[in-house]
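Given next are the chains, with one letter for each unit.
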Amino acid sequence: MITIASIKSKLVKPLSENEEEEVISCLEQIQNLCEEREIHREWIVLENYIPTLVELLSGKNREIRTRTLVLLSILAKDSDDAKDRISRVNGVIESIVRSLGRRIAEGKLAVELLLELSRNEGLRNRIGNVQGCILLLVTMSNSEDTQAAINAHKLLDSLSSSDQNVIQMAKANYFTHLLHRLSSGSEEVKMSMVTTLAEMEFTDHSKSSLFEKGALGPLLDLVSHGNPRMKETAAKALCNLSTLKRNSTQMITQGSVKPLVNLLYNHTSSHSLQDEVASIIMHLATSTMSQNSENTPVSLFQSDEDIDSLFAFIPCTRPLVQERLLHAIYAMCHSPLASTVKSKLRQNSDNEQALVVLCDNENPKVRANAVKLFCCLTEDGEDKEITDRMGQQLIETLIKIIKSSNDIEEIASALGIISNLTESTQLTESLVKAEGLPVISSRLQTQNGPHKKHLIENAVGSLCHFTNPTNKESQRKVAESGLIPLLVQFLEAGTGVTKRKASISLAHLSKNSMELTRPIPKAGLFRCFSPQLESRCPVHQGMCEVEVNFCLVEANAVAPLVTLLGDSDSDVCEASLDALLTLIEAERLAFGCKVLGEANAIPQIIKLLNSNNSNLQEKVLNELDRVFRLVEFKQKYGNLAHMPLVDLTQRGNSRTKSLAARILGQLNVLHDQSSYF
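Thresholds, definitions, all that
Residues numbered from 1 in each chain as written. Predicted model: local features only at pLDDT ≥ 70, side-chain atom pairs only at ≥ 80, totals over all residues. Heavy atoms only, no water. Helix = DSSP H or I, 4+ residues; strand = E, 2+ residues; numbered from the N terminus. Rg over C-alpha atoms; globule rule 2.2 N^0.38 Å. Buried < 20%, exposed > 50% of the residue type's maximum accessible area, 1.4 Å probe, protein only. Axes fitted to C-alpha atoms, helices over the stretch in contact; angles between N-to-C directions. Parallel < 35°, antiparallel > 145°, perpendicular 65-115°, else oblique. Left-handed = near helix turned anticlockwise from the far one by under 90°. Contact = heavy atoms within 4.5 Å. Nonpolar A, V, L, I, M, F, W, Y, C, P; charged D, E, K, R; others polar. Phe/Tyr/Trp six-rings, centres within 6.5 Å; stacked < 30°, edge-to-face > 60°. UniProt positions renumbered as here; feature names shortened; annotations may be inferred. Patch = residues over 30% accessible without salt bridge, like charges linked within 9 Å, V, L, I, M, F, W, Y side chains within 5 Å. Areas by Shrake-Rupley, 256 points an atom, 1.4 Å probe, with all protein chains shown as cover. Salt bridge = Lys/Arg side-chain N within 4 Å of Asp/Glu carboxyl O. Lys, Arg positive; Asp, Glu negative; His and termini not counted. Charge placed at Lys NZ, Arg CZ, Asp CG, Glu CD. Expected span 1.5 Å × (residues − 1). Disulfide = S-S within 2.5 Å. pLDDT = per-residue confidence, 0-100.

Helix and strand counts for the chain come out as 43 helices and zero strands. Relative to a compact globule of 677 residues, whose C-alpha radius of gyration would be 26 Å, the chain shows 41 Å and is clearly more extended. For the chain, the spread of C-alpha atoms along the three principal axes comes to 140 × 60 × 55 Å. Residues classed as buried in the chain amount to 53% of the 677 residues present.

Shown next as structure tokens:
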């Protein structure tokens, strides 16, 4: 007793290294005494050592702190009196928690002490309230030190008697106790837990962890069977967690879609609940967009009728729900089962009519999503009669959007719809009537932003309708708008799609160039001095101007079109070839071939015989059959075509074999009368 009393006075916060050594020595003596007999521990407590020891925890010397933690653990173990005395010291838990956040050896001792102290209810409540304590415990529960991790888990279990502690654990990514309460707690507790999940900001790891630990089942049960407020909150929590693709896929495969859709359709569901459910369905649909082709594709709905039902519900609900469901269907149209979804939507003409109405909706977000979906439904060209059914209303709606919208993606989609529609005289007239050309031209020439490439692709595609060869007046307006030089620029600077569509428009325009070429007036006496001979077009043999007869030569389009013959995209090659072939149509063969020869186009055309596109091969063969009727070109390029033609007689289809053999006959490689091919 005398020793215990005498040592206490020496356990003050040391200031020098010598003092630290003395304190360490004293702590070692006290520890030895504690381990010798239980009565010694009682005397140390009675001597009021505890406040002095707690004071040492705030010191800088690590060995002093670790020895102090060991001592406090020894004193507190199996002693309610020691725990009670510890609880009366101001800041004791805070001091221990600071050690919890230090190196693993010290932290391990701190968690061991806190675990012992947690047996005292008052101290247990205080432990959870110390800032950062639960986060440190959760971190330690993942420690490589097995015993430290076990003690941290035990302490977290002990602290879980408090709902507030459980919430703090969840915010530190420790969800075990929250999920237990979510399944088996009282209504009030469940509400508290689900509110936490609804309001938390999760990392993707946290979202995944919750579903792995079984959050989906109880949340879906609360959404389906809880009271109205519980349903709304649980739906918000599910919405929060469904933004992770893995979770959404799990929700689909575990049958979550049907109860969610039932809630959406239920007229007793609150607006707030419908909003959250619509968002969840949107997330689920979005998760189906990018799937591994090696696995069985995951589909949002099990039957085609479900798709129809969902779409039919859209016009009957509020703007926010409309926006999210349109987005969901758009996502489904980009899933592995897209063709089925699109086909089902197109089968019902009421769907198209409803979509046209939604494209004119006063809510900008609803309208934008409707336009995106409509564009998606038209992009594969399956529905060729859509303009016949929709009429002028659709065209005017789209032109209005292109003219007035501030959403670049919406504008690009509206242009995409027009671009995707099948060319026809009626459509061209509708577009002209709606004054679409100046609107589209304006967007094409002034647009910048993240969707610029997509917008330009679709705008150039839309121009194809105005360049339709059957409408010379519309073509004239295109030329007068200064768009032909712009189309030529896109041959060199656009995307593959833009280059292809620009080539198509130029081909359209060139088809009428001969008819619109002005003949050169007969010269008078001094014909040899006339400048008109110099302005004669080498192809059309008249006076050509870009804005009058849309001549490709005058527009300087021949060289970039020839370059595109070597493009890696066969569709681009074919479109540029079509444009160039307008220069050798009918009686223009000799004149046009000369121009193509000077532009080095013939070798490039011959190279297209190696294409894998049989339609392109056949088109080239038909033209070479004509070109090689000109002796000059047969002699100059015949050898170049020899081997590709021979190859086609061996590996081509029946049509290309026959055509290749015929040309080889022209080149005197085969007998003209050969019928083998």
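Still to come is the rest of the account.
Okay, the packing of helix α33 (residues 483–493) against helix α34 (residues 496–511) next. Axis angle and axis distance: for two packed helices, these are the angle between their axes and the distance between the axes, and together they describe the pair. Put simply, α33 and α34 touch, their axes get as near as 8 Å, and they point 140 degrees apart. What the angle tells us is that α33 and α34 run oblique. Taken as a pair, α33 and α34 cross one another with a handedness that is left-handed. Between α33, through I484, L487, V488, F490, L491 and E492, and α34, the contact on the second element is made entirely by T498, K499, A502, S503, S505, L506 and L509. Across the contact of α33 with α34, the residue classes tally to eight nonpolar, three polar and two charged.

Looking now at the packing of aromatic side chains. Under the definition given, this model contains three aromatic pairs. Ring plane angle 55 degrees and centroid distance 6.3 Å describe the contact between F175 and F202, whose orientation is recorded as tilted. With F175 in the loop between α12 (163–171) and α13 (176–184) and F202 in the loop between α14 (187–199) and α15 (204–212), this residue pair connects regions lying 27 residues apart in the sequence. Both residues of the pair, F175 and F202, count as buried.

Mapped onto this numbering, the UniProt entry gives "repeat: ARM" (unreviewed entry) at residues 214–256, 255–285 and 393–436. For residues 393–436, the helix share is 80%, the strand share is 0%, and the end-to-end C-alpha distance is 13 Å.

Bringing a negative patch on the surface into the picture now. A surface patch of negative charge is lined by E38, E42, D78 and D80. One can find E38 in helix α3 (residues 38–46).

An ideal rise of 1.5 Å per residue puts 20 Å on 14 residues; helix α17 (residues 228–241) measures up with 20 Å between its terminal C-alpha atoms. Looking at the buried residues of α17, the elements they touch are α14, α15, α16 (216–225), α18 (245–253) and α20 (271–287).

Turning to unusual backbone geometry, a few remarks are in order. In this model, E435 sits at a positive phi of 55 degrees, which is unusual for a non-glycine residue. As for its placement among the helices and strands, E435 is situated in the loop between α29 (425–433) and α30 (436–446). Although it is not a glycine, Q541 adopts a positive phi angle of roughly 55 degrees. Among the secondary structure elements, Q541 is positioned in the loop between α35 (513–516) and α36 (546–549). Of the residues examined, Q541 reaches a relative accessible area of 27% and is grouped as partly exposed.

Another point: the state of the cysteines. Applying the stated criterion across every chain yields a total of zero disulfides. There is no disulfide at C333, and the cysteine sulfur nearest it, in C376, is 4.3 Å away. Exposure remark for C333: the relative accessible area of 2% places this residue in the buried category. In this structure C544 is a free cysteine whose sulfur lies 3.6 Å from that of C537, the closest cysteine sulfur available. Given a relative accessible area of 7%, C544 falls into the buried group.

The next thing to look at is the pattern of salt bridges. Taken as a whole and assessed by the stated rule, the structure comprises 28 salt bridges. For the salt bridge of R67 with E63, the shortest nitrogen-to-oxygen distance reads 3.3 Å. Of this pair, R67 and E63 both sit in helix α5 (residues 62–76), four residues apart, roughly one helical turn. The salt bridge involving R85 is made with D81; its shortest N-O contact spans 3.2 Å. With R85 and D81 both in helix α6 (residues 80–87), this residue pair falls four residues apart, about one helical turn. Its relative accessible area of 22% is what places R85 among the partly exposed residues. If you follow the salt bridges from partner to partner, you end up with R65, R102 and E106 in one network.

Quick look at the side chain of S335 now. The topology assignment puts S335 in the loop between α22 (319–332) and α23 (338–347). With near-sequence residues (within four places) excluded, S335 lies in contact with T288 and M289.

The next thing to look at is the packing of helix α31 (residues 452–466) against α33. Axis separation between α31 and α33 bottoms out at 12 Å; the angle between their running directions is 130 degrees. Compared by their axis directions, α31 and α33 come out oblique. Both α31 and α33 take part in a crossing whose hand is left-handed. Every residue of α33 that contacts α31 at I456, V460 and L463 is listed here: L483, L487 and F490. Here the contact of α31 with α33 is composed, by residue class, of six nonpolar, no polar and no charged.

Time to look at the confidence of the model for the chain. Here the chain shows a mean pLDDT of 90. Residues at 70 or above account for 94%. No element of the chain has a lower mean pLDDT than helix α26 (residues 386–390), at 62, and none a higher one than helix α37 (residues 558–564), at 97.

Attention now goes to the environment of D571. The residue D571 is located in helix α38 (residues 570–581) in this model. With 70 residues separating them along the chain, D571 and K501 place their C-alpha atoms 9.8 Å apart. With near-sequence residues (within four places) excluded, D571 lies in contact with R500 and N613.

If you trace the backbone, I307 turns up in helix α21 (residues 304–313). Judged by its relative accessible area of 5%, I307 is buried. Between the alpha carbons of I307 and Q274 there is a distance of 18 Å; along the sequence they are 33 residues apart.

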